[in-house]
Amino acid sequence: MRQPAKKTRPNLGLALSGGSARGLAHIGVLKVFQEHNIPVDCVAGTSMGSMVGAFFANGMSVKMIEHLAARMERRLWMDLTIPRMGIIAGDKITEILCFLTRNRTFAELEIPFATCATDLYSAKSITLKEGRVADAVRASVSIPGVFPPVPWKDYLLVDGGVLNRVPVDVVREMGPDIVVAVDVGHHVGEPRINNFLDVISQSIDIMSRELHKDRVLQADVLICPHLEEVSPSQFHKVPEAVAAGAAAAREAIPRIENLLRRKE
């Protein structure tokens, strides 16, 4: 269990957006943060940002996260089913999440972590920060129509990106001095619509961008990778997505370092 550390510097929180395959750019951001010794004291993520954030908060090295992303073939997590509430059953991805998070609860993670999902009953964004991490991430990545919703307490949860694509507000509630947000849906150019996943992801992105563009601006630093060459369904484009995330993060490093110095 993590122990509170003596405060010798400002705390930094990281908000990682949803975006399906584009969310792989978060790996590049984390790589550059480590290269420049930028601390990450808490993380909140939505959808793919939730998955990357959970692995990082669990102590997995960024190199290992990138390695897994590059070698995670679709057959390992895509278990097609007769559609009722989703075309993918979700059992395989649940097993993978349990294994990669070592079946830990939020309280057992190396750094504080939270994720977002959307409740179909109340039409509200739900912040998940207790219980088993794998279950929370499974709910956050449940793209409507692709994965079945996840029952949790009195909720029926789907992808957090429906109502909170970039969870800046969730990170703020975790109490850091500085909030850095990564929005992988900002620079995407003319969308490439190749299949049903692109259709659904692009629809969610359009809606959530319009609903919450002001909320994203509440971050102290906003990192927006250029992902024009990566569509939501192109999970094989790990090198391109990681490189885009790294390039955007390097541009932001001077601003982040300046904030860290000013708030000491």
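Above this note sits the structure.
**Things to note about the pattern of salt bridges**
Then, number 1: Taken as a whole and judged by the stated rule, the model has eight salt bridges.
Then, number 2: Measuring nitrogen to oxygen at the nearest pair gives 2.5 Å for the salt bridge that ties D183 to R165. Placement of the pair is D183 in the loop between β7 (178–182) and α8 (196–216) and R165 in the loop between β6 (155–159) and α7 (168–173), with a sequence separation of 18 residues. Neither D183 nor R165 differs from the other in exposure class; each is buried.

**A short note on the pairing of strand β2 (residues 42–46)**
Then, number 1: Here β2 lies mainly inside the structure; five of its five residues are buried.
Then, number 2: The alternating pattern of β2 places C42, A44 and T46 on one face and V43 and G45 on the opposite face, and all of these are buried.
Then, number 3: A crossover links strand β1 (residues 12–16) with its parallel partner β2, the connecting element being helix α1 (residues 25–35), and its sense is right-handed.
Then, number 4: In terms of strand pairing, β2 meets strand β3 (residues 113–119) through four bridges, oriented parallel. Looking at β3, one finds that A44 is bridged to A114.

**Overview of the pairing of β6**
Two faces, one strand: in a regular strand the side chains alternate between the faces of the sheet.
Then, number 1: Where burial is concerned, most of β6 is hidden: four out of the five residues are buried.
Then, number 2: Note: β3 against β6, three bridges, orientation antiparallel. Among the inter-strand pairings, D119 is bridged to a residue of β6, identified as L157.
Then, number 3: As paired strands, strand β5 (residues 150–152) and β6 are joined by three bridges and run antiparallel to one another. Bridge pairing links V150 to L157 in β6.
Then, number 4: Joining the antiparallel neighbours β5 and β6 is a turn of two residues, in which K153 adopts a positive phi near 55 degrees.

**Quick look at the side chain of N58**
Then, number 1: With respect to the helices and strands, the residue N58 is situated in the loop between α2 (48–57) and α3 (62–71).
Then, number 2: Within the local environment of N58, its side chain forms a polar contact with the backbone oxygen of T101, the two atoms lying 3.3 Å apart.
Then, number 3: Not counting residues within four places of it along the chain, the set of residues in contact with N58 comprises L100, T101, R102, R104, L109 and E110.

**Points about the nonpolar core**
Then, number 1: If you look at the biggest cluster of nonpolar residues, it comprises 73 residues, and the most contacted ones within it are F33, F113, V180, I223 and I256.
Then, number 2: With twelve residues, helix α9 (residues 238–262) is the single largest residue contributor to this core.
Then, number 3: Counting residues in each nonpolar core, the second largest holds twelve residues, with A15, A44, A114 and C116 among its members.

**Describing the environment of P176**
Then, number 1: Locating P176 in the fold gives a position in the loop between α7 and β7.
Then, number 2: Other than its neighbours up to four places away in sequence, P176 contacts N11, L12, G13, C42 and V171.

**A closer look at the packing of α1 against α2**
Then, number 1: Contact geometry for α1 and α2: axes closest at 10 Å, N-to-C directions at 35 degrees. Every residue of α2 that contacts α1 at H26, I27, L30 and Q34 is listed here: G49, V52 and F56.
Then, number 2: Grouping the constituent residues of the contact of α1 with α2 by class yields four nonpolar, three polar and no charged.

**A short note on the packing of aromatic side chains**
Any aromatic ring pair is given by two values, namely how distant the centres are and how the planes are angled relative to each other.
Then, number 1: Counted according to the given criterion, the structure contains two aromatic pairs.
Then, number 2: Between F106 and F113 the ring centres are 5.8 Å apart and the planes differ by 10 degrees, which places this aromatic pair in the stacked class. The exposure classification of F106 matches that of F113, with both residues buried.
Then, number 3: Consider the rings of W152 and Y155, whose centres lie 5.9 Å apart with planes at 20 degrees: the pair is stacked.
Then, number 4: The class of W152 is partly exposed, set by a relative accessible area of 23%.
Then, number 5: A residue is classified by how much of its surface remains accessible, and Y155, at 29% relative accessible area, is partly exposed.

**Re the packing of α1 against α3**
Axes are the key here: two packed helices are described by the angle between their axes and the distance separating the axes.
Then, number 1: It is at 9 Å that the axes of α1 and α3 come closest, and there the two elements cross at 160 degrees. Classified by the angle between their axes, α1 and α3 sit roughly antiparallel to one another. For α1 against α3, the interelement crossing comes out left-handed. Contacts between α1 and α3 involve I27, L30, K31 and Q34 on the former and, on the latter, V62, I65, E66 and A69.
Then, number 2: Residues of the contact of α1 with α3, tallied by class, amount to five nonpolar, one polar and two charged.

**Details of α9**
Then, number 1: Under the 1.5 Å per step criterion, the end-to-end length of α9 is 35 Å for 25 residues, consistent within 8% with the ideal 36 Å.
Then, number 2: At A252, α9 is bent by approximately 40 degrees, the largest bend along its length, and proline P254 sits one to four residues beyond.

What counts as what
- Residues numbered from 1 in each chain as written.
- Predicted model: local features only at pLDDT ≥ 70, side-chain atom pairs only at ≥ 80, totals over all residues.
- Heavy atoms only, no water.
- Salt bridge = Lys/Arg side-chain N within 4 Å of Asp/Glu carboxyl O.
- Helix = DSSP H or I, 4+ residues; strand = E, 2+ residues; numbered from the N terminus.
- Buried < 20%, exposed > 50% of the residue type's maximum accessible area, 1.4 Å probe, protein only.
- Right-handed = clockwise from strand over helix to strand, strands pointing away.
- Pairing = 2+ DSSP bridges.
- Polar contact = N/O pair within 3.5 Å; in protein donor to acceptor, adjacent residues only side chain to side chain.
- Contact = heavy atoms within 4.5 Å.
- Core = buried A, V, L, I, M, F, W, Y, C linked by side-chain atoms within 4.5 Å.
- Axes fitted to C-alpha atoms, helices over the stretch in contact; angles between N-to-C directions.
- Nonpolar A, V, L, I, M, F, W, Y, C, P; charged D, E, K, R; others polar.
- Phe/Tyr/Trp six-rings, centres within 6.5 Å; stacked < 30°, edge-to-face > 60°.
- Parallel < 35°, antiparallel > 145°, perpendicular 65-115°, else oblique.
- Left-handed = near helix turned anticlockwise from the far one by under 90°.
- Expected span 1.5 Å × (residues − 1).
- Bend = angle between axes of the 7 residues up to and from the residue.

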